[in-house]
Amino acid sequence: MIPAIDPTPSPARRAVGDREEAVLQMSDHDRRPGAVWALPAFLFFAAFAVLPMVLVLVLSFTSWNGLGDPQPAGMENWQRLAKDDELVASLWRTLLVMVASWALQTPIALGIGVWAAGKQRNRAVLSALFFVPLLLSTPAIALMWRTFLDASFGLPNALRGVLGDNTNLLGNPDLAIWIAVFVMSWQWIPFHTLLYQGAARGVPVVLYEASVIDGAGRWRQFWSITLPQLRYTIVTSTILMLVGSVTTFDAILVLTEGGPGTATRILPLHMYFMGFTGYEMGYASAVAVLIVVLGTAMSLAAVRLSGFRAMQSQSEGL
Amino acid sequence: MIGSGVTYRNRRRRALAVVAMAATAGLLLTACDSGGDDGDGGASTSGGTGDFKVWALQDAAMQPAWKGAVDRFNSSSTTGKGTLEVFANDPYKQKLRVALGSPQAPDVFFNWGGGNLKEYVDAGKVRDLTAMLEAKPDVKSAFIPSVLDGAKINGKYYGIPMRGMQPVFLYYNKKVLDKAGVTPPTTWDELLAAVDSLKAAKVTPIALAGSQAWTELMWAEYLLDRVGGPEVFAKIVAGDKSGWKDPAVVTAMEMIQTLVDKGAFGKDYASVGYDVGGASTILNQDRAGFHLMGSWEYVNQLGQNEKFVKDGNLGWIAFPSVANGKGDPSNVVGNPTNYYAVSATSKAGQTAEDFVASQMKDPEYIKALIEAGDVPAVTGVTEQLKATDNADHAMFVYDLALNSKHFALSWDQDLPAADAQKMLTALQKVFLKEMTPQEFADTLAQ
């Protein structure tokens, strides 16, 4: 997975290389912190990420209802993955949520973020307002929207005159998943806006000054300076969104409980219902492993395809 | 090149961090199983004495009664004292399951009897109370036999009734029915006619909290019982999945879809909940005619809209009979009651057993239950029930349960968890018409 490294350093890199040669001349002790320094982080990661992951992998080869000892089940759970229609359906729903969330959140977050990085009047006040959803907990947000969109007592009922009989927003199997995407986007756009705002602030002013001399308008500045400069932020934000969509759980659980029927049952919910309502821990673990593999593959693909790994700064020396 | 080396390592660390992110949310969920100490299989009947923990549900109305039972026992006990710990409903089921598989198991635990309790019995986690009941006939005879049998598994008793009976029946809004010229239906055909009249009167005929499958399940349970009798589900719960292929299952599901097609549940039912401002509110705001619900609905309505109940607008009637059906019209479904069971691994098993044996039939406890609005599963409380504020409702519940030929436990509590989960999902799809009655039967028979 790791590509070969270009042995010839770029001119920009050479400066860094020289500095490190200077470092080489120091004693071994000074040059680099010992491995012990990484131990706390390593132990934390091992205990809370690696160990559970290994246990889940082991569990996925067993049959266990939560009582007594897990019984070895061979490949049974894995074979069942292929035969589970609901799993395939939930996989597609997960992809839909992922793509739709990204397509909805990215332009809005980018737009507000770049705007909020400017120096307009009232910018600080409005930005503070935009960030409010970020301060609320996910279940609170989901509960709020669930109540707000309630067909009998919420907004749709008040708008019965306009909507006619189509008041059943969260109970409509075709609509519910889009509402879930909307609610999650409402929650997360402020976070991504914050990323873009920070990054946009970091774009060197000289680039804009130079472009003004060249006669560029604001639109041209956005496309030719701001957007390319935000490349890495876009990748970061995209990865967070992709992985977030694969693992998102609480918002949909509270909002629709995966319903109506199974219309919003995405992969993590499917895992939850199998594991904690049906108590088929073995099978649920197999689904969990699938989620890990999927999430990892997706973010690695995003990193590779975007050229994120090159990590070249274009503002060096400024 | 050292420079490249650093980048390489950074990159790998980044990949690991991504793995970590992907993993955390998903894994913490499945991985929070506490380590497996295992029961030794057979349920022991020994067990020592000492202090014990009692686990029950969070229920504001019931708390004084439950707490009172523990306090009364503590004041006279010489062998050990109990402590009551309560938990919210859904988390309780998960917590109990994890705890019973661990050394932190409670000594006495609240449960629903039936298949739900059977899983724990099969895993050797529950103490056999048969010997105690035989040694103390006054305890055994205190409870209504059909209710005590709800915790009888493989011919042995594993639970003592600890609260009221909760049959399901049809509640209605008198004002709405009067306005539409509808009388409470006693047969299925009358119910269908009532649905048409209520629709014509521009109200939702039947309130249904369809975002929660267990409310839809009540319709399925009653219709299958009325059409095919209790034997059909008894066969299924005994482990024979081909029981779902019984023609009565398909007929019952067709009847459900008839109601759906008629618009009996309105258009919004799939997003209506029971917990928050849901189906009960729709009923007491005169926006629906009927509501099929457990007897706890009465207390719930009192809490939500006392005036509605006190003005006599809340009515109730047994579930309608079905012409040519095999099931006896006196049959009821619901929760016969809840039970206290004693953990087989409890170190204070004997004290815990003494607690459930002496306190659950105690007149003081029964009185406290009745005061809280419950209808206890004990014999000879008619006079006490008649003296309460809610005598009409309490007597109806008591007679309904007492006179029933068969009192079926809710399917979702009686089936093994995995099957129950599958059944509830399929049932929701039947109500949404995403699944035909035949597909329902075929899916569950697999």
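The residue count restarts for each chain, going from 1 along the sequence in the order it is written. Naming scheme: in the order in which they are written, chains are lettered from A and ligands are numbered from 1. Where local features are concerned, this predicted model is filtered to residues with pLDDT of at least 70; where side-chain atom pairs are given and counted, the filter is 80 or more; whole-chain, interface and lining totals use all residues. Just so you know, side-chain values use all the structure's heavy atoms and leave hydrogens and water out.

**Describing the overall build of chain B**
Only DSSP runs of H or I reaching four residues or more are called helices, and only runs of E reaching two or more are called strands; each is numbered from the N terminus. In terms of regular secondary structure, chain B is built from 22 helices and 13 strands. Using a 1.4 Å probe, the Shrake-Rupley method yields the accessible areas, and only the shown protein chains count as cover for residues. Accessible area of chain B: about 17400 Å², with a carbon and sulfur share of 52%.

**Digging into the sheet that holds strand S6 (residues 160-161) of chain B**
Residues and elements named next belong to chain B. Spatially, five strands are ordered S2-S1-S3-S12-S6 in an open sheet, and the strand pairing comes out mixed. Looking at strand neighbours, the two that pair on one side only are strand S2 (82-87) and S6, the edges of this open sheet. Packed on one face of the sheet, helix H3 (residues 89-100) meets strand S1 (52-57), S2 and strand S3 (108-111) and runs near 145° to S1. Against the sheet, helix H16 (residues 349-359) touches S1, S3, S6 and strand S12 (339-342), its axis set at about 160° to S12. At least two bridges found by DSSP between two strands is the condition for calling them paired. Residues count as neighbours in contact if any of their non-hydrogen atoms are within 4.5 Å of one another. In this analysis an axis means a line fitted to C-alpha atoms, helices contributing only their contacting stretch, and an angle means the value between N-to-C directions, from 0 to 180 degrees.

**Digging into a nonpolar patch on the surface**
Residue and element names in this part refer to chain A. Patches draw on residues past 30% relative accessible area with no salt bridge. Two like charges within 9 Å are joined, as are two nonpolar side chains (Val, Leu, Ile, Met, Phe, Trp, Tyr) within 5 Å. What counts as a salt bridge is simple: a side-chain nitrogen of Lys or Arg found within 4 Å of a carboxyl oxygen of Asp or Glu. Taken together, the side chains of Val125, Leu126, Leu129, Phe130, Val132 and Leu136 present a nonpolar region at the surface, about 490 Å² in accessible area. Sort the elements by how many residues they give to the nonpolar patch and helix H6 (residues 123-130) lands first, with four residues. Here Phe130 lies in helix H6. Any residue under 20% of the maximum accessible area for its type is buried, any over 50% is exposed, and the rest in between are partly exposed; the area is computed with a 1.4 Å probe on protein chains only. The exposure class assigned to Phe130 is partly exposed, which follows from its relative accessible area of 37%.

**What to know about the domain arrangement of chain B**
Residues and elements named next belong to chain B. Splitting chain B by domain gives domain 1 (6-165 + 337-399) and domain 2 (166-333 + 416-445). The interface of domain 1 with domain 2 comprises 11 residues on the first partner and 14 residues on the second. Summed over both partners, the interface of domain 1 with domain 2 buries about 1000 Å², with 62% contributed by carbon and sulfur atoms. Interface area lost by domain 1 to domain 2 is led by Asn390, His393 and Phe396, which between them contribute 50%. In this structure, the connection of domain 1 to domain 2 is made through zero salt bridges. Here a polar contact is recorded for every N or O atom pair within 3.5 Å, except that within protein the pair must consist of a potential hydrogen donor and a potential acceptor, and residues adjacent in sequence are included only if both atoms are side-chain atoms. Counting the contacts that link domain 1 with domain 2 gives four residue pairs in polar contact (both at pLDDT 80 or more). With four residues, the single largest contributor to the side of domain 1 that touches domain 2 is helix H19 (residues 391-402). Considered class by class, the residues forming the side of domain 1 that touches domain 2 number three nonpolar, five polar and three charged. The source of the domain bounds is an automatic or database domain assignment. In short, buried area is how much 1.4 Å probe accessible area vanishes from two parts on joining, totalled over both. Note on residue categories: nonpolar means Ala, Val, Leu, Ile, Met, Phe, Trp, Tyr, Cys or Pro, charged means Asp, Glu, Lys or Arg, and polar means any other residue, Gly included.

**A closer look at the nonpolar core**
A general trend in soluble globular proteins is that nonpolar side chains are found buried together. In this structure, Trp66(B), Trp219(B), Trp244(B), Tyr340(B) and Phe355(B) are the most contacted members of the largest nonpolar core, which totals 153 residues. Joining through side-chain atoms within 4.5 Å is the link that ties buried Ala, Val, Leu, Ile, Met, Phe, Trp, Tyr and Cys residues into a set, and such a set is a nonpolar core. With 28 residues, the next largest nonpolar core counts Trp64(A), Ala100(A), Ile141(A) and Ile177(A) among its residues.

**Description of the confidence of the model for chain B**
pLDDT expresses how confident the predictor is about each individual residue, on a scale running from 0 to 100. Here chain B shows a mean pLDDT of 86. Residues at 70 or above account for 89%. The model gives residues 1-45 of chain B a pLDDT under 50, and that stretch makes 80 contacts with residues more than four places away or in other chains.

**Observations regarding the packing of helix H10 (residues 213-228) of chain B against helix H11 (residues 230-237) of chain B**
Residue and element names in this part refer to chain B. Running from N to C, H10 and H11 cross one another at 115°; their axes reach a closest spacing of 6 Å. Contact residues: H10 offers Leu224, Asp225 and Gly228, while H11 offers Pro230, Glu231, Val232 and Phe233. Of the residues that constitute the contact of H10 with H11, the class distribution is four nonpolar, one polar and two charged.

**Looking at H19(B)**
Counted at 1.5 Å a residue, the expected span for H19(B) with its 12 residues is 16 Å, and the 16 Å between its end C-alpha atoms agrees. Where H19(B) is buried, its residues meet strand S7 (166-173), helix H14 (296-304), strand S10 (314-317), strand S11 (332-335), helix H18 (382-386) and strand S13 (407-409) of chain B. To estimate how far a helix should reach, multiply one less than its number of residues by 1.5 Å.

**Section: helix H9 (residues 188-200) of chain B**
Residues and elements named next belong to chain B. Given a rise of 1.5 Å per residue, 13 residues ought to cover 18 Å, and the 19 Å separating the end C-alpha atoms of H9 matches this to within 8%. All buried positions along H9 are accounted for by Trp188, Leu191, Leu192, Ala194, Val195 and Leu198. Down the axis of H9, the buried set is contained in an arc of 160°. They therefore lie on one face. More than 90 degrees from the buried face of H9, the exposed residues found are Asp189 and Ala200. Of the surrounding secondary structure, the elements contacted by the buried residues of H9 are S7, helix H8 (174-179), strand S8 (204-207), H10, helix H12 (247-262) and strand S9 (288-294). In this description, the arc belongs to the directions extending from the helix axis to the C-beta atoms.

**Re the packing of H10(B) against helix H21 (residues 417-431) of chain B**
Residue and element names in this part refer to chain B. The geometry of H10 relative to H21 is characterised by a closest axis approach of 9 Å and an angle of 80° between their N-to-C directions. Between H10 and H21, the crossing angle belongs to the class labelled roughly perpendicular. Residues Ala213, Trp214, Glu216, Leu217, Trp219 and Ala220 of H10 lie in contact with H21, whose contacting residues are Met423, Leu424, Leu427, Gln428 and Phe431. Reported orientations rely on four angle classes, namely roughly parallel under 35 degrees, roughly antiparallel over 145, roughly perpendicular from 65 to 115, and oblique for the rest.

**Quick notes on the side chain of Asn335(B)**
Residues and elements named next belong to chain B. Inspection of the secondary structure puts Asn335 in strand S11. Assessed through its relative accessible area of 9%, Asn335 is described here as buried. At a separation of 3.0 Å, a polar atom in the side chain of Asn335 contacts the side chain of Ser410. Contacts of Asn335, omitting those with residues within four sequence positions, involve Trp112, Met165, Gln166, Pro167, Trp296, Phe407, Leu409 and Ser410.

**A few points about the side chain of Ser410(B)**
Residues and elements named next belong to chain B. For Ser410, the location among the structural elements is in the loop between S13 and helix H20 (411-414). Among the residues examined, Ser410 registers a relative accessible area of 12% and is labelled buried. In this view, Ser410 contacts Glu221, Gly334 and Asn335; residues no more than four positions away in its chain are not counted.

**Describing the pattern of salt bridges**
All chains considered together, the criterion is met by 20 salt bridges over all chains. A salt bridge links Asp261(B) to Lys433(B), with the shortest nitrogen-to-oxygen separation between them at 2.7 Å. On the criterion of sequence distance, the pair formed by Asp261(B) in helix H12 and Lys433(B) in the loop between H21 and helix H22 (437-445) is long-range, its members being 172 residues apart. Among the charged side chains, a salt-bridge network with shared partners connects Glu86(A), Arg93(A) and Lys429(B).

**A short note on the pairing of S12(B)**
Residue and element names in this part refer to chain B. Of the two faces of S12, the one holding Tyr339 and Ala341 and the one holding Tyr340 and Val342 are both buried throughout. Where S3 and S12 come together, four bridges link them in antiparallel fashion. When the bridges of S12 are listed, Val108 appears paired with Val342. In terms of strand pairing, S6 meets S12 through two bridges, oriented antiparallel. Within S12, the position partnered with Pro161 by the bridge is Tyr339.

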